[in-house]
Amino acid sequence: MAEASPLLDSDDLEAPLSAEDLEQREIEFATQTGDAGLSEAEAAARLEQYGPNLLEEPKKNEILVFLSFFTGPMPIMIWLATLVVALMEDWDDFSVLMTLQAVNGIVGYLEEKSAGDAIAALKQSLSPRASVKREGEFRFIEAKFLVPGDVINLKLGDIVPADCRLQAGKPLEVDQAALTGESLPVTRGHNETVYMGSIVRRGEVEAWVIHTGARTFFGKAATMVNQAAEGQQGRFARIMFQNTMVLFVLSVSLCAVIFVEVYRSGLDLLESLSVVVVILVASIPIAMQIVSTTVMAVGGRTLAEKKAILSRLSAIEELAGMDILCSDKTGTLTQNKLQLFEPVLVDTNITANELVFLGALAAKRMSSGADAIDTVIVSSVADADRPRLDDFEELDFIPFDPAIRRTEARLLGPDGQELRVTKGATKTVLNMCADKNKITDQVLLANETLAKRGFRSLGVAVAKGGATASWQFCGVLSMFDPPRTDTKQTLEKARDMGISVKMITGDQTAIAVETSKAIGLSSRSEPEILDMKEFTAAEKLGVSAATNLCERVDGFAEVYPEHKYRIVELLQHSKRYSPDGHTVGMTGDGVND
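If you're wondering where the values come from, they're calculated on a predicted model, not measured in any experiment.

(A) Examining the overall build of the protein more closely. Helix and strand counts for the protein come out as 21 helices and 20 strands. Classification of the 593 residues of the protein by burial places 42% in the buried group. Residue pairs at least 24 apart in sequence account for 68% of intrachain contacts in the protein once pairs closer than 6 positions are excluded. Accessible area of the protein: about 30,900 Å², with a carbon and sulfur share of 56%.

(B) Here's a closer look at the state of the cysteines. For the coordinates displayed, the defined rule picks out zero disulfides. Summary of cysteine pairing: C474 is not part of a disulfide, and the nearest cysteine sulfur, belonging to C433, is at 7.8 Å.

(C) Molecular detail of the packing of aromatic side chains. Using the criterion set out here, one finds nine aromatic pairs in the structure. Between F66 and F70, the ring centres sit 5.1 Å apart and the planes meet at 65°, which makes this aromatic pair edge-to-face. What makes F66 partly exposed here is its relative accessible area of 28%. Each ring, one from F535 and one from F556, has its centre 5.5 Å from the other, and the planes form 75°; the classification is edge-to-face. Separated by 21 residues along the polypeptide, F535 in helix α19 (residues 532-541) and F556 in strand β19 (residues 555-557) bring together distant segments of the chain. Each member of the pair F535 and F556 is classed as buried.

(D) Quick look at unusual backbone geometry. One non-glycine residue, N191, adopts positive backbone phi at about 70°. By secondary structure assignment, the location of N191 is in the loop between β6 (186-188) and β7 (193-194). In this structure, E558 takes a positive phi of about 60° despite not being glycine. Along the chain, the position of E558 falls in the loop between β19 and α21 (561-572). By relative accessible area, which is 38% here, E558 ends up partly exposed.

(E) Structural context of the sheet that holds strand β8 (residues 199-202). Taken in spatial order, the three strands line up as β6-β5-β8 in an open sheet, and their pairing is antiparallel. The two strands at the open ends of the sheet, each matched to only one other strand, are β6 and β8. Strand-to-strand, the axes of this sheet are offset by a mean angle of 45°, without reference to chain direction. Looking at chain direction, strand β5 (residues 172-175) and β8 are connected through three bridges and run antiparallel. Looking at β8, one finds that V174 is bridged to V200.

(F) Seen up close, the side chain of T487. Mapped onto the elements, T487 comes out in helix α17 (residues 487-496). On the basis of relative accessibility, which here comes to 5%, the residue T487 falls in the buried class. Leaving out residues up to four positions away in the same chain, T487 has contacts with T332, L333 and I519.

(G) Spatial organisation of the pattern of salt bridges. Evaluated as defined, the whole model comprises 22 salt bridges. Residues E408 and R406 are paired through a salt bridge, measuring 2.7 Å at the closest nitrogen-oxygen approach. A salt bridge links R410 to E418, with the shortest nitrogen-to-oxygen separation between them at 3.5 Å. For E418, a relative accessible area of 23% corresponds to the partly exposed category. Residues joined by salt bridges that share partners form a network here, namely E40, R134, R139 and D150.

(H) Expanded view of the environment of P185. Structurally, P185 is set in the loop between α7 (177-180) and β6. Look at P185 and you get buried, because its relative accessible area is 19%. Separated by 12 residues in sequence, P185 and E173 have C-alpha atoms that sit 6.1 Å apart. The contact partners of P185, leaving out residues within four places of it in the chain, are E173, V174, D175 and A372.

(I) Geometry of helix α16 (residues 436-452). Taking 1.5 Å per residue as the helical rise, α16 with its 17 residues ought to reach 24 Å, and the 23 Å between its terminal C-alpha atoms agrees with that figure. Along α16, the sharpest change in direction is near 30° and occurs at Q442. Packing partners of the buried residues in α16 comprise β11 (339-345), α15 (426-432), β15 (456-464) and β16 (472-480). Positive backbone phi, at 85°, marks G454, one or two positions downstream of α16.

(J) Structural detail: the packing of α19 against helix α20 (residues 543-552). Contact geometry of α19 with α20 gives a least axis separation of 6 Å together with a crossing angle of 145°. Contacts between α19 and α20 pair E534, F535, A538, E539 and L541 from the former with A545, A546, L549 and C550 from the latter. Each residue belonging to the contact of α19 with α20 can be placed in one class, and the counts come to seven nonpolar, no polar and two charged.

(K) How the structure looks around the sheet that holds strand β1 (residues 129-134). The sheet built from six strands is open, its strands ordered β2-β1-β3-β9-β4-β7 with antiparallel pairing. Here the strands that pair on one side only, and so sit at the sheet edges, are β2 (137-142) and β7.

(L) The arrangement of the packing of α20 against α21 in detail. Where α20 contacts α21, the axes come no closer than 9 Å and their chain directions differ by 95°. For the element pair α20 / α21, the angle class is roughly perpendicular. In contact with V543, A546, T547, C550 and E551 of α20, α21 contributes R566, I567, L570 and L571. The class makeup of the residues in the contact of α20 with α21 is six nonpolar, one polar and two charged.

Parameters at a glance
- Residues numbered from 1 in each chain as written.
- Predicted model: local features only at pLDDT ≥ 70, side-chain atom pairs only at ≥ 80, totals over all residues.
- Heavy atoms only, no water.
- Helix = DSSP H or I, 4+ residues; strand = E, 2+ residues; numbered from the N terminus.
- Buried < 20%, exposed > 50% of the residue type's maximum accessible area, 1.4 Å probe, protein only.
- Contact = heavy atoms within 4.5 Å.
- Areas by Shrake-Rupley, 256 points an atom, 1.4 Å probe, with all protein chains shown as cover.
- Disulfide = S-S within 2.5 Å.
- Phe/Tyr/Trp six-rings, centres within 6.5 Å; stacked < 30°, edge-to-face > 60°.
- Pairing = 2+ DSSP bridges.
- Axes fitted to C-alpha atoms, helices over the stretch in contact; angles between N-to-C directions.
- Salt bridge = Lys/Arg side-chain N within 4 Å of Asp/Glu carboxyl O.
- Expected span 1.5 Å × (residues − 1).
- Bend = angle between axes of the 7 residues up to and from the residue.
- Nonpolar A, V, L, I, M, F, W, Y, C, P; charged D, E, K, R; others polar.
- Parallel < 35°, antiparallel > 145°, perpendicular 65-115°, else oblique.

Here it is as structure tokens:
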């Protein structure tokens, strides 16, 4: 994909811009588009300049890919054996060797091509579309045709098709879990950036496209993953090469000794060479390659029946030899679905169920498109209290706004009395209440305790009797992204198999620590989860210090994609326990995994 930047003036040519300044210049260029959007001619010109909004994948020559299955240490030894038997005019053995070579290469090629076709079909089925404004009118186009400067519409449920800068309007609530590992949606407002691959959970606004393709946050992370895979010899290929070389050296050495002895026994040179060639051909394990390929092909079919797609056959053996598994947290070890935990009651006249009910009254109850937090609170209302929600008529509702950090509902109760209920940031709600002086210490202690455990807390308050009624603090609701039901059992099985599992997440350290305790991440009573400040400090001390830290701890939090890449790289090249380093797996539902 061609990469281009806005035109630079003469001063820029004399003093090259830094990467940060260049990026800022590109953002300024993209956000100059007017209300009517780009013209079709300008969009076509920029598409030619910047390339399509796709992640570049190196194109492979199918012929060269096919021929690659007939090269390598073992196939070359079989070719040599085939040549020898051909020179000896042993056409039966020649036919057997050629058949084995052909079957091995064709099976391997077809299995990997099938996996590649499945992945390509999956990508095609997931091809996104975008609502873009061109020449003053909105239209739907394939996202790959977006260019910097396009004006697009983002609304509830949309997957952001490129890196965008938001225009003026109400803030969006965006789920970035697949990109950053954050378990809770984030709020983005005017002139803030939303990234390709994130999901709009609430709101609607227009935005400028500022980066496409490989220049997006998503694209940069994907490029790092591809670079990490390039040039690395797989564990299976490495073991096959080592075994082949050992057998080859032993065979040649023994055959040399046999040749000398046979020649000394009185046979002439050609007869002695003929005997040695037969022994050399017999010593080559010609079936090892085809047996390995066939077994992995059968394994690949079994995995396909379980909806697992292999990008290459050797991944099966490499997975079997894995000794460290680095796992994302959100959506992998956890459900990526908020859940209410035991609330903190401040008003002694209110029960836990009643506090949840009041929180639901301060939520926007919608059949679809509701805020993630509102959804979990409403769904947590006790069955006995659920019919009561319809008894309260909503007169007015103020949705969450970052400026006020809370929601508020004005309702008419079944007794005809007006009622106001609010929920939001605990300290914000507390400061509104008439009884704050009596309960401040209790509420702040509860809030701090929940924060240390990584829980999201919401204060709930109620005012009965119209607009002039004073607010009374009721309690604190706590939410957490719970572990998957099978996570703990899976981790135990992994440890029994000799696999060390490490959590690497972009979420907050406190949340990562609480999750690691809940799932039994470590065999130790207290899992050790560090933030990236400590990793960065270790790297400054040298590669050895950083590697030892990665091996010792149970995980890292608040990481970025480049940190995941570096942690895996250090573990792969560690020589502490094995001369070949660790065989490291990485799993997760994010682009950086």
